[in-house]
Amino acid sequence: MASSQSSSRNEPVLITEAEPSQVDQHAARKKRYAITMAIRGVSLVLAAMTYTYSIWLMAVFAVLGTVLPWIAVVMANDRPPKKKIDMNRYRPPAPDRILESGSSRARVIDM
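Everything numeric in this text was worked out from a predicted model, so none of it was measured.

Calculation rules
Residues numbered from 1 in each chain as written. Predicted model: local features only at pLDDT ≥ 70, side-chain atom pairs only at ≥ 80, totals over all residues. Heavy atoms only, no water. Helix = DSSP H or I, 4+ residues; strand = E, 2+ residues; numbered from the N terminus. Buried < 20%, exposed > 50% of the residue type's maximum accessible area, 1.4 Å probe, protein only. Areas by Shrake-Rupley, 256 points an atom, 1.4 Å probe, with all protein chains shown as cover. Contact = heavy atoms within 4.5 Å. Patch = residues over 30% accessible without salt bridge, like charges linked within 9 Å, V, L, I, M, F, W, Y side chains within 5 Å. Salt bridge = Lys/Arg side-chain N within 4 Å of Asp/Glu carboxyl O. Expected span 1.5 Å × (residues − 1). Bend = angle between axes of the 7 residues up to and from the residue. Polar contact = N/O pair within 3.5 Å; in protein donor to acceptor, adjacent residues only side chain to side chain.

The number of helices and strands found in the protein chain is two helices and zero strands. Counting the 111 residues in the protein chain, one finds 10% classified as buried. Of the accessible surface of the protein chain, which amounts to about 10300 Å², a share of 62% is contributed by carbon and sulfur atoms.

In structure tokens form, the structure reads like this:
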């Protein structure tokens, strides 16, 4: 007896390729922006602290603190990438019987 469903599935079947909601996307963008700006703040503080130790290290932190706001804005305005994971999609069951292809020499009927 053939069953229309595969044997017990633990995961729900994905029936749509809809993106996350606008609210979820906005929350993720705000979180990414806040993290990037926090890293910027830390790099500016480190630039001020390493001024007496090394000019080159201070310059690296200062450049990082200068460039990160631009990067944060670009990342916050970008849409999330499409996911390329294999979801549990519905696949119709294989048929019980398959028509066989004819022999290599097909029979032709002319009228």
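Moving on from the model shown.
Moving on to the side chain of Thr-50. On the secondary structure map, Thr-50 appears in the loop between α1 (22–49) and α2 (55–77). Given the relative accessible area of 12%, Thr-50 is considered buried. With sequence-adjacent residues up to four places away left out, Thr-50 is seen in contact with Leu-57, Met-58 and Phe-61.

Turning next to a nonpolar patch on the surface. Where nonpolar side chains cluster on the molecular surface, the patch consists of Val-42, Val-45, Leu-46 and Met-49 and spans about 360 Å² of accessible area. Mapped onto the fold, Val-45 is located in helix α1.

This part takes up α2. Given 3.6 residues to a turn, an α-helix orients residues that are three or four positions apart in the same direction. Along its 23 residues, α2 runs 34 Å from first to last C-alpha, staying within 8% of the 33 Å computed at 1.5 Å per residue. Taken as a whole, α2 carries its principal kink of about 30° at Val-67; the proline Pro-69 stands between one and four residues after it. All of the buried residues in α2 are Phe-61, Gly-65, Leu-68, Ala-72 and Ala-76. Check the buried side of α2 and you find it contacts α1. Its side-chain oxygen 3.4 Å from the backbone nitrogen of Trp-56, Ser-54 forms the N-cap of α2.

To continue, consider α1. Taking 1.5 Å of rise per residue, 28 residues should cover 40 Å, and α1 covers 41 Å from first to last C-alpha, within 8% of that figure. Among all positions in α1, only Gln-25, Thr-36, Ser-43 and Ala-47 are buried. Packed against the buried residues of α1 are α2.

Here the focus is the environment of Thr-66. In this fold, Thr-66 is placed in helix α2. Residue classification places Thr-66 among the exposed positions, given a relative accessible area of 59%. Distance from Thr-66 to Arg-40, taken between C-alpha atoms, is 7.8 Å for residues 26 residues apart in sequence.

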